[in-house]
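Single-letter residue listing:
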Protein chains: 2
Amino acid sequence: MQAENRIGYQTIEYKTRPWIMASACAVGPREGQGPLGDCFDLVAQDAAFGQDSYEQAEAALLREACRLCLAKANIGEKGVQAMVGGDLLNQIMPSALAARELKFPFLGLYGACSTMSEGLITGGMMCDGGYASPVLCTASSHYATAERQYRYPLEYGNQRSPASQWTVTGGGAVLLSLPEALPGTPMARLARGCIGRVVDLGVTDNNNMGAAMAPAAAATLCAYMDDTGDTPEQFDRIITGDLGMVGSDLLLAWCEKMGHPLPRGCMMDCGLTIYDPSQDSHAGGSGCGCSATVLSAYILPRIQRGEWKRVLFMATGALLSPTTTQQGESIPGVAHAVIIEGVGAC
Amino acid sequence: MQAENRIGYQTIEYKTRPWIMASACAVGPREGQGPLGDCFDLVAQDAAFGQDSYEQAEAALLREACRLCLAKANIGEKGVQAMVGGDLLNQIMPSALAARELKFPFLGLYGACSTMSEGLITGGMMCDGGYASPVLCTASSHYATAERQYRYPLEYGNQRSPASQWTVTGGGAVLLSLPEALPGTPMARLARGCIGRVVDLGVTDNNNMGAAMAPAAAATLCAYMDDTGDTPEQFDRIITGDLGMVGSDLLLAWCEKMGHPLPRGCMMDCGLTIYDPSQDSHAGGSGCGCSATVLSAYILPRIQRGEWKRVLFMATGALLSPTTTQQGESIPGVAHAVIIEGVGAC
């Protein structure tokens, strides 16, 4: 027996093309003031979201995103057969706290900022393979929790370098189901996934995540094209998670070098979409919540409205550990991709 | 469409019953001196395993376990279509470093000490659903890296409490494939999985992981029995990951209270198996590497030899975050179970 839903070395095909029934997100005030402010389902009035700690705030934002998503799909909480997701924090604590309250069977993931697409790949296999339906795929991040853990206490007021990115405060949730398993029409369908490999070209600057992630993004994109024979022109958009200004340019350079030049016009980066340059976010937004909230609030609605028919969504992760960075280790990167299509597409 | 391979609320069925082709593990000197010392594939002479840091040592032990596993199955490194795994460290760094060298498509998991069974559940779906075969499922832990991260610097020489457990130094790898996809006969087969829910009854003592995990273990075990109608008597062993002395007693008490009394004679805990009481490990061994190495070195070989026909293997995780514990949060637990059968079983 061979793996019949495998194409090439890294790509998988979802035969049933699972339905994306609903998505929702909850963000912080800074994200609400950005260009996508009107698109988010919930904008918190302050980054603590009424909680005693920023860690609890992140968990609460994620929980609200999940509840809003379930409400949109009009299903009770008992109806979800699995929750798969993660976040940036040690021991993925916000996800665990959200899962504790939601009480769904839970598979915890860690893929740093690539979590949203890692979750969609995993959730897609669970649906398509008949192991769980519906499945809730989640990811979150929070500026204050990420700074505390990865960099400096906020109280230091340290100066940020030009290549640094701003961690998005927000949680996103996407509900997948088998086709026609739930009432209603889907927003979009999941066609394929491409599982990334860990790539590390030796970047050690933990204020330059874009440079650490770009080689992994290029590797996954080129692997997908090699596996399937698809070309960039077959997508309305090729969307990266949070490469930011530095990483987005590097991705174009790497892909050209690897024989898969990308037309600049079809590229989009969630990290370059969520904030306005006037918001002083330097190289762009980042964090699991960046691609998760932009997917929910901006990308899926455009596919639902028929403006985009076929999109490659690839969240990118820097597997940065403060411990090993302090020991001199470089920053491994990973990127996972999914192909999302409109309901009318064949 | 409904999820056809789902039984009840938490249990999934693997129709092809994926083959466990090989397993391997590499451990530290303390584990080598324990009762299973002769069963491990590789015993390091010292806990640093020739590396500059304990973090790098953990990654190296895991990598060696993977390489030994692939060698046993007699397949080249190019042949693996996915690696799924994780460990206890922040950003699952040892797993990421091992994946960086092995270069397989990689899905990172975080389930604390439940990782080995979370990986088998996920890898089992990937094989059975035809998305990847073979799949390498991995988990690791290291006493020195875990103490540094979760508790105190080793140099403090702090006194350990009676309920505390000793984190196992070791990495384990299990290779799954679709039936008859690889030459050779399998060690065992994967029949079912039961995805755990996050359960938290308010334990805040981070030196008593057994008490934090036991309610989650009971919940998963009872859910599996409810979902399938199976009884404990249908298993040669019901094997928990690292409940230790405290948690194992609590599991029996909880299951009795929940209407599923467990016969003490069929219970086994990897944390109570890996060390001898003379090794002064207090309540037993723990860590992702505990259940991973005992599965590889002791459980699977007994199934392969026909001594056990059907086993429920349930690794248990305490989703302990030092950050949120310091903020007063309790410790959520999770447990995932898989049913492993002998090749002759039907």
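Residues numbered from 1 in each chain as written. Chains lettered and ligands numbered in written order. Predicted model: local features only at pLDDT ≥ 70, side-chain atom pairs only at ≥ 80, totals over all residues. Heavy atoms only, no water.

## Considerations on helix H3 (residues 93–102) of chain A
In an α-helix there are 3.6 residues to a turn, and that puts residues three or four apart on one side. Along H3 of chain A, nine of the 10 residues are buried, which leaves the element largely enclosed by surrounding structure. Inspection of H3 of chain A places Met93, Pro94, Ser95, Ala96, Leu97, Ala98, Ala99, Arg100 and Leu102 of chain A among the buried residues, and these make up the whole buried set. Check the buried side of H3 of chain A and you find it contacts helix H2 (54–72), strand S5 (82–87), strand S6 (106–108) and strand S7 (135–141) of chain A together with helix H9 (322–326) of chain B. Positive phi appears at Lys103 of chain A, one or two residues downstream of H3 of chain A, with a value of about 70°. (Buried < 20%, exposed > 50% of the residue type's maximum accessible area, 1.4 Å probe, protein only. Helix = DSSP H or I, 4+ residues; strand = E, 2+ residues; numbered from the N terminus. Contact = heavy atoms within 4.5 Å.)

## Re the relation of the copies chain B and chain A
The two chain copies are related to each other by a rotation about an axis together with a translation along it. When chain B is brought onto chain A, the operation consists of a screw motion whose angular component is 180° and whose axial shift is 0.0 Å, with 0.0 Å RMSD remaining. Considering both components of the superposition, the chain copies are consistent with a two-fold axis. Within chain B, Leu109 of chain B has its C-alpha nearest the rotation axis, a separation of 2.1 Å. In this assembly, 100% of the residues forming the interface of chain B have copies in chain A that are likewise at the interface, indicating an isologous arrangement. (Least-squares fit on C-alpha atoms with pLDDT ≥ 70 in both.)

## As for the pattern of salt bridges
Residue and element names in this part refer to chain A. Evaluation of the coordinates by the stated rule reveals 32 salt bridges over all chains. Here Arg264 and Asp249 are joined by a salt bridge, their closest N and O atoms 3.7 Å apart. Of this pair, Arg264 sits in the loop between helix H7 (244–257) and strand S12 (267–269) while Asp249 is found in helix H7, placing the two residues 15 residues apart along the sequence. For Asp249, a relative accessible area of 45% corresponds to the partly exposed category. Here the residues in one salt-bridge network are Glu13, Arg17, Arg192, Asp230, Arg310 and Glu341, joined through shared partners. (Salt bridge = Lys/Arg side-chain N within 4 Å of Asp/Glu carboxyl O.)

## What to know about the confidence of the model for chain A
Scored by pLDDT, chain A comes out at a mean of 96, with 99% of its residues at no less than 70. Reported confidence for the predicted complex is 0.98 by ipTM and 0.98 by pTM. (pLDDT = per-residue confidence, 0-100.)

## Observations concerning the pairing of strand S15 (residues 333–341) of chain A
All names here are of chain A. In terms of residue burial, S15 counts as a mostly covered element, since nine of its nine residues are buried. Burial of the side chains of S15 extends over both faces: Gly333, Ala335, Ala337, Ile339 and Glu341 are buried on one face and Val334, His336, Val338 and Ile340 on the other. As judged from the five bridges shared by strand S10 (residues 188–194) and S15, these two strands associate in the antiparallel manner. Bridge assignment links Arg189 to a residue of S15, and that residue is Glu341. For strand S14 (residues 310–318) and S15, the ladder comprises nine bridges, and the chain directions are antiparallel. Looking at S15, one finds that Val311 is bridged to Ile340. (Pairing = 2+ DSSP bridges.)

## Quick word on the interface of chain B and chain A
Many descriptions give the size of an interface as the accessible area lost when the pieces come together. Across the boundary between the two partners, chain B contributes 70 residues, which contact 70 residues of chain A. Here chain B packs against chain A, burying approximately 5700 Å² in sum over the two surfaces, 58% of which is carbon and sulfur. Among the residues of chain B in contact with chain A, Met1, Gln91 and Tyr131 of chain B are the three that bury the most area, contributing 15% of the side total. Linking chain B with chain A are four salt bridges, by the criterion used here. Its salt-bridge partner being Arg100 of chain B, residue Asp200 of chain A comes within 2.6 Å of it at the nearest N-O pair. Put simply, chain B and chain A have 36 residue pairs in polar contact (both at pLDDT 80 or more) between them. Among the secondary structure elements, those contributing two or more residues to the side of chain B that touches chain A are strand S2 (11–13), helix H2 (54–72), helix H3 (93–102), strand S6 (106–108), helix H4 (115–128), helix H5 (143–150) and H9 of chain B. (Buried area = accessible area lost by both parts, 1.4 Å probe. Polar contact = N/O pair within 3.5 Å; in protein donor to acceptor, adjacent residues only side chain to side chain.)

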